[in-house]
Amino acid sequence: MKAWRVHELGEPRDVLRFEEVDDPVAGPGQLLVRTLAAPANFPDVLLCRGKYQVKPPLPFSPGVELCGEVVSVGEGVTEFSVGDRVIGNPNLPLGAFAEHTLMDEVNAFAAPASLDDAEASALFIGYQTAWFALHRRTQLREGETLLVHAAAGGVGSAAVQLGKAAGARVIGVVGGPEKAEYCRRLGADLVIDRHTDDFVPLVKEFTGDKGADVVFDPVGGDAYAGSTKCIAFEGRIVIIGFAGGTIPTPGLNHALIKNYSIIGLHWGLYKEHNRAVIEECHTELAALAASGAIAPLVSERLSLSEVADGIARLGEGTTVGRVVFVP
C-alpha cells in the first residue's frame, strides 16, 4: 500500500515521502481500517519537526485522526465489525496518512451518520478538545461571552461552533480576510482580524467593558497577553497550546488582582486518567451533529498525494479552515 513517511525530522514539505510499504495486519484488540478521510492537524506539523510530545520512532507516518472503514478485526475485538465506519486515533508510527492503518479498539468510535467522511474525520480531536475546554474545564454558561483565538483553525473553529451551541456570544480572532469570512460562516457573533485591529478594545466595546467570560487560547504569546487585558471578573482563560510559537509567562499577581483563572487542558491525558469522559463527549458531539448544531466546515478536500503540501501550508499558517485528505 501507499503511505506518507518521515525518515528524518524537519519541515513537512522537505521530509514527507510518499512510498510503498507493507500492508498492516490487525493484532489483538486492533482494527485494520481503510482510510476514508484524514484531516490535517497542527500536531502533524510538530510530528514532522520532532517537536510534538509524542515522538514515534523513525520512519513513521503522521496523521493523528481519521474516518475509516473496518477491513478486519484482531482477536478480542467486540465493539466493531467489518464494514463499520469509525473515527478516532490511529496507532503511530502508522498514522492516518496511508491507504490503510491500524486503530486500537478503545480509540475508535462510531462515525456519526449525519456527517460525510471528510466531516466525520474532523469531528474527533478538535471537537473533543473544544468540548473538554468549554464544558469540563471552564463550564461555559449560556449567555456568557466566549473569546476564541485562531478561530478559523482546527480547534478554534470547533470552539466557535460549540460555544454557539451552548448559547454563548462568540468572538472570533483570526488572521486575514479569508479566515474572517470562514469564521463568520461558523456563526461567530463578532469577528476580529488581528492583522488590522487590536482585539482588546473591540472585546471591551462588544461586552460593554465587562470583558470575555471565557478565553479559548491555542496560540499563546501576544494572544494570551492581550486576553488578560480584556478578561471579565471571574473569567477563565483556558490554555490549549502555543501555535504562535511563544509560551507566555503568566503574571500571577495580575490574575489575583483581576480575579480570573488560568486553566490548562491536555486532552490526551483523559485517555490515561478518565477514558469514560471521552466516550461521554463523543456521545454529546454525535447528538449535536445529528441535530445540525455542529458540523466541521471543510474548506479543502485534497487527494492523498497532496499531503506534504497541505501539511506544509498548515504549518506556514496559510490554510483556511479544515483541510481534509480524501483517498
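None of the values given here were measured: they were computed from a predicted structure.

What follows covers the packing of aromatic side chains. Counted according to the given criterion, the structure contains six aromatic pairs. Between the aromatic rings of Trp4 and Phe18, the centroid separation amounts to 4.8 Å while the plane-to-plane angle is 20°, which identifies the pairing as stacked. Here Phe18 lies in strand S2 (residues 16-20) and Trp4 lies in strand S1 (residues 2-6), a separation of 14 residues in the sequence. The class for Trp4 is buried, based on a relative accessible area of 7%. The exposure class of Phe18 is partly exposed, given its relative accessible area of 29%. With 5.4 Å between their ring centres and 85° between their planes, Phe124 and Trp267 make a pair best called edge-to-face. Of this pair, Phe124 sits in the loop between helix H3 (117-121) and helix H4 (125-137) while Trp267 sits in the loop between strand S13 (261-264) and helix H10 (269-273), and the two are 143 residues apart along the sequence. By the burial criterion, Phe124 is buried, and Trp267 matches it. Put simply, the rings of Phe109, Phe124 and Trp267 pair up and form one aromatic cluster.

Bringing H4 into the picture now. Among the 13 residues that make up H4, ten are buried, leaving the element largely enclosed by the rest of the structure. By the burial criterion, the buried members of H4 are Ile125, Gly126, Tyr127, Gln128, Thr129, Ala130, Trp131, Phe132, Ala133 and Leu134. Close packing links the buried residues of H4 with strand S8 (145-149), helix H5 (154-165), strand S11 (212-217), strand S12 (231-239), H10 and helix H11 (275-291). Phi turns positive, to about 50°, at Gln139, one or two residues after H4.

Each α-helix turn comprises 3.6 residues. Residues three or four places apart therefore point the same way. The element helix H2 (residues 42-49) is extensively covered by neighbouring structure, given that six of its eight residues are classed as buried. Lining the buried residues of H2 we find S1, helix H1 (12-15), S2, strand S3 (30-39) and helix H12 (307-316). One or two steps after H2, the chain reaches Gly50, where phi turns positive at roughly 75°.

Bringing the environment of Ala37 into the picture now. Tracing the backbone through its elements, the reader meets Ala37 in strand S3. Residue class for Ala37 comes out buried when judged on its relative accessible area of 0%. For the pair Ala37 and Leu66, spaced 29 residues apart in sequence, the C-alpha to C-alpha distance is 5.7 Å. The residues contacting Ala37, other than those within four sequence positions of it, are Leu66, Cys67, Asp117, Ala118, Ser121, Val324, Phe325, Val326 and Pro327.

Another aspect to go through is the sheet that holds S11. The six strands lie next to each other as S10-S9-S8-S11-S12-S13, forming an open sheet whose pairing is parallel. Edge positions in the sheet fall to strand S10 (190-193) and S13, since each has one partner strand and no second. Direction aside, neighbouring strands of the sheet carry axes that sit 20° apart on average. Where S8 meets strand S9 (residues 169-174), five bridges bridge the pair, whose relative direction is parallel. From the neighbouring strand, Thr145 faces S9, where its bridge partner is Arg169.

Before going further, it helps to spend a moment on the pairing of S10. Relative to S10, S9 is paired through four bridges, and the arrangement is parallel. Paired with Val173 across the bridge in S10 is Ile192. Following the backbone out of S9, through helix H6 (residues 177-186) and into the adjacent parallel S10, one traces a crossover that is right-handed.

In total, this model carries 15 salt bridges according to the counting rule given. Glu19 is paired through a salt bridge with Arg5; the nearest N and O atoms lie 2.7 Å apart. Taken as a pair, Glu19 in strand S2 and Arg5 in strand S1 lie far apart in primary sequence, 14 residues in all. Note that Arg184 is salt-bridged to Glu181, the shortest N-O span being 3.7 Å. Of the two residues, Arg184 and Glu181 are both situated in helix H6; the distance of three residues between them amounts to about one turn of the helix.

Basis of the calculations
Residues numbered from 1 in each chain as written. Predicted model: local features only at pLDDT ≥ 70, side-chain atom pairs only at ≥ 80, totals over all residues. Heavy atoms only, no water. Phe/Tyr/Trp six-rings, centres within 6.5 Å; stacked < 30°, edge-to-face > 60°. Helix = DSSP H or I, 4+ residues; strand = E, 2+ residues; numbered from the N terminus. Buried < 20%, exposed > 50% of the residue type's maximum accessible area, 1.4 Å probe, protein only. Contact = heavy atoms within 4.5 Å. Pairing = 2+ DSSP bridges. Axes fitted to C-alpha atoms, helices over the stretch in contact; angles between N-to-C directions. Right-handed = clockwise from strand over helix to strand, strands pointing away. Salt bridge = Lys/Arg side-chain N within 4 Å of Asp/Glu carboxyl O.

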